[in-house]
Amino acid sequence: MSDTDVMPGSDARRGDGERGTIVSGDGNRERGKAGRGSGTALLVVLVAGQFMAVLDASIVNVAAPVMRSDLHTSGAGLQWIIAGYTIAYAMLLITGSRLGAIFGFGRAYLGGLGLFTLASLACGLAGSTGELVAFRCLQGAGAALLVPQVLTLIQRRFEGRRRTAAMGLYQTAIAGGAVVGQILGGVLVSADVFGTGWRPVFLVNVPLGVLLIVAGWRALGGDRPEPGERTGWSRLDIPGVLVLAPTMLALVVPLVMGHEQGWPVWGWVLLAAGVAGMVCFALVERAVAARGRSPLVPAAVLRSPGLLSGGVALLIAVGSYNGFLFTLALHLQSGLGDSPLRAGLTYVPCAIGFAISGLWWGRLPERIRAHVGYVGFALVSVSYVGMAAAVDGGREGGFALAAGLAGMGLGQGAVIGPLMASALGRVRAEHAGDASGVLVTLMQFGGVLGVATYGTTFLSATGVGAHASAHAAVVTFVALAAVNLVAALWAWRVVVRQRAVRVA
């Protein structure tokens, strides 16, 4: 991270630039069109869509044992049912953001929401493992079209404190969806409505999706690309898509499937191919730009001050969060024998802490907000140490773990929202969609990487019984604490450098 990068809470002012330039959260006027539906109704529609997409990534885990029994699926088939959504989602996110820029962000959001809703219905009615895997991938494609537009529309339609509040709700949806998914999944599977077993975990999306489509059509139905912007399929970078999609597939599949398969040779081969694919993608994008076409990821977007450094910090934060959720769920359910519902309820203090800091960090004075990044990382690190002590002492159900979870949620909320705001703080309006796609892709990749890394750490250290599971959880939590402490020191160093530059 360079001295010119923007840390959470810092003053991310920009020059006027071109028409439509979005300003930072310091209250400057936004020069672009506010658009129709720029109020509370629009924000509810956007955040609810984001919530659904995150919810679906976690709710299925709870229903996995029932699905396996009902569909008589193999372990590998069950893995693909769970992972198909994540793989398709991560693979198509950047393409989804470009489609929003081509056809209108609101139209793309509604199209993705419609595809997601139809795929959810198809999942709930699926009669075989193959059908369910295919429809889960279709769900992931719908989420990949829907999700990038949420962050883009918040950037384009809100300004000043309203944007800060919207970003707080956005990050709360990200954190809350993961927790609520486990709780709601446990409730729906336990209720076994009309003997339907696992199917309600998908069908619950249908009425909500239809409601959001109707409400979203009123708020976003008139959304179109800005006048003068190039539109149509000719603007889609086909060579870039053909290289990036399989590259992301090669990177994500081993990370999602590797720990269950014992990290086979084919996984390492795919990872190496993915790294080579990223190099090829950079060369293809350079060639596309040289021909005067619009690359899938314009170089100007990647040069936006603070975007990549903020994205890497978000990758670390989201990776540790997702890795923690996965690890604690394994310990509670496999190690201690908790039911899915009880395990899900354990996370409630974390969700509350996340919501509190996510909704209130923007109200802090500017001079304090400049420090929330490294303070948040430090609080997360201390909380992991506290939870490691609680688990080591056999107090998983007591106050010590609950306090650690609440502290971790407070710290994560103080990191993720401000990081997103600062990473997008100086992105030009015409690059908002592409920048959102890059940022969301880094966050999604961070989540997958976190589960793979910390999940492997836990599984490698665990054995049979509650004591062995507790030992593995302690080892993993200490590793999480160390990573977040390093991130805190890094963020503190950047703030000190920025202060020195301003003084000079």
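Anything mentioned here points back to the structure above.
In every chain, residue numbers begin from 1 and rise along the written sequence. Where totals are concerned, whole chains, interfaces and linings use all residues; where local detail is concerned, this predicted model gives features only for residues with pLDDT of at least 70, and gives and counts side-chain atom pairs only at 80 or more. No hydrogens and no water enter the side-chain calculation; it runs on all heavy atoms of the structure.

1. Comments concerning the side chain of Q444
Logical step 1: Looking at where Q444 falls in the secondary structure, it is placed in helix α17 (residues 432-461).
Logical step 2: Setting aside residues up to four positions removed in sequence, Q444 forms contacts with T86, Y89, A90 and L93. Only DSSP runs of H or I reaching four residues or more are called helices, and only runs of E reaching two or more are called strands; each is numbered from the N terminus. Residue contacts are counted whenever heavy atoms from the two residues lie within 4.5 Å of one another.

2. Description of the environment of V214
Logical step 1: Along the chain, V214 turns up in helix α7 (residues 205-220).
Logical step 2: In this scheme, a residue with accessible area under 20% of its type's maximum is buried, one over 50% is exposed, and one in between is partly exposed, where area comes from a 1.4 Å probe on protein chains only. Classification of V214 as exposed rests on a relative accessible area of 55%.
Logical step 3: Along the backbone, V214 and V45 are 169 residues apart, and their C-alpha atoms lie at a distance of 9.8 Å.

3. Considering the nonpolar core
Logical step 1: Working definition of a nonpolar core: buried Ala, Val, Leu, Ile, Met, Phe, Trp, Tyr and Cys residues. They are joined through side-chain atoms within 4.5 Å. Grouped together as the largest cluster of nonpolar side chains are 87 residues, with contacts concentrated most on Y109, F324 and F477.
Logical step 2: It is helix α11 (residues 307-335) that provides the largest number of residues to this core, a total of 11 residues.
Logical step 3: If sequence neighbours within four positions are ignored, F477 has contacts with F324, T327, L328, Y384, M387, A388 and V391.
Logical step 4: Core analysis: the second largest hydrophobic core is formed by 29 residues, A90, L99, L271 and V297 among them.

4. Some points on helix α16 (residues 399-423)
Logical step 1: Here the expected length of a helix is defined as 1.5 Å per residue gap, with one fewer gap than residues. Its 25 residues place the ends of α16 36 Å apart at the C-alpha level, agreeing with the 36 Å of an ideal helix rising 1.5 Å per residue.
Logical step 2: Counting buried residues along α16, 18 of its 25 residues qualify, which places the element largely inside the surrounding structure.

5. A closer look at unusual backbone geometry
Logical step 1: A positive phi angle is found at H72, which is not glycine, with a value near 50°.
Logical step 2: Mapping H72 onto the fold places it in the loop between α1 (40-71) and α2 (75-103).
Logical step 3: Among the residues examined, H72 registers a relative accessible area of 70% and is labelled exposed.

6. Let's talk about the packing of aromatic side chains
What characterises a pair of aromatic rings is the spacing of the ring centres plus the angle enclosed by the ring planes.
Logical step 1: Any Phe, Tyr or Trp ring, taking Trp's six-membered ring, that has another such ring centre within 6.5 Å forms a pair; planes under 30 degrees apart are called stacked, those over 60 apart edge-to-face, and the others tilted. Summed over all chains, the structure comprises seven aromatic pairs.
Logical step 2: Aromatic side chains F324 and Y384 sit 5.4 Å apart centroid to centroid with 55° between the ring planes, which places their arrangement in the tilted category. In this pair, F324 sits in helix α11 while Y384 sits in helix α15 (residues 372-392), placing the two residues 60 residues apart along the sequence.
Logical step 3: The structure contains a cluster of three or more aromatic residues connected by ring pairs, namely Y85, Y89 and F116.

7. What about the side chain of S120?
Logical step 1: On the secondary structure map, S120 appears in helix α3 (residues 105-125).
Logical step 2: Excluding its chain neighbours within four sequence positions, the residues that come into contact with S120 are Q139, F202, L203, N205 and V206.

8. Observations regarding helix α8 (residues 238-261)
Each full turn of the α-helix corresponds to 3.6 residues, which orients residues three or four apart in the same direction.
Logical step 1: Between its first and last C-alpha atoms α8 spans 33 Å; for 24 residues at 1.5 Å apiece the expected length is 34 Å, and the two agree.
Logical step 2: Note on bend: at a given residue it equals the angle between the axes fitted to the 7 residues ending there and to the 7 starting there. Along its length, α8 reaches its greatest deviation from straightness, about 30°, at L255.
Logical step 3: G262 sits one or two positions beyond α8 and adopts a positive phi of about 75°.

9. Points about the packing of α11 against α15
Logical step 1: One way to put it is that α11 packs onto α15 with a least axis distance of 13 Å and a crossing angle of 15°. Here α15 runs roughly parallel to α11, going by the angle between their axes. Where α11 crosses over α15, the two elements pack in a sense that is left-handed. Counting all contacts with α11, which are made through A313, A317, S320, Y321, F324 and H331, the residues of α15 involved are F377, Y384, M387 and V391.
Logical step 2: The residue inventory of the contact of α11 with α15, partitioned by class, reads eight nonpolar, two polar and no charged. For every element, the axis is a line fit to its C-alpha atoms; helices are fit only across the contacting stretch, and the angle between N-to-C directions ranges from 0 to 180 degrees. Just so you know how the angles are binned, under 35 degrees is roughly parallel, over 145 roughly antiparallel, 65 to 115 roughly perpendicular, and the rest oblique. Crossing chirality is assigned from the near helix's rotation relative to the far helix, an anticlockwise turn below a right angle marking it left-handed and a clockwise turn marking it right-handed. In this count, Pro and Cys sit with the nonpolar residues alongside Ala, Val, Leu, Ile, Met, Phe, Trp and Tyr, while Asp, Glu, Lys and Arg are called charged and the others, Gly among them, polar.

Note that every value here comes from positions in space, so none of it alone points to a role or purpose.
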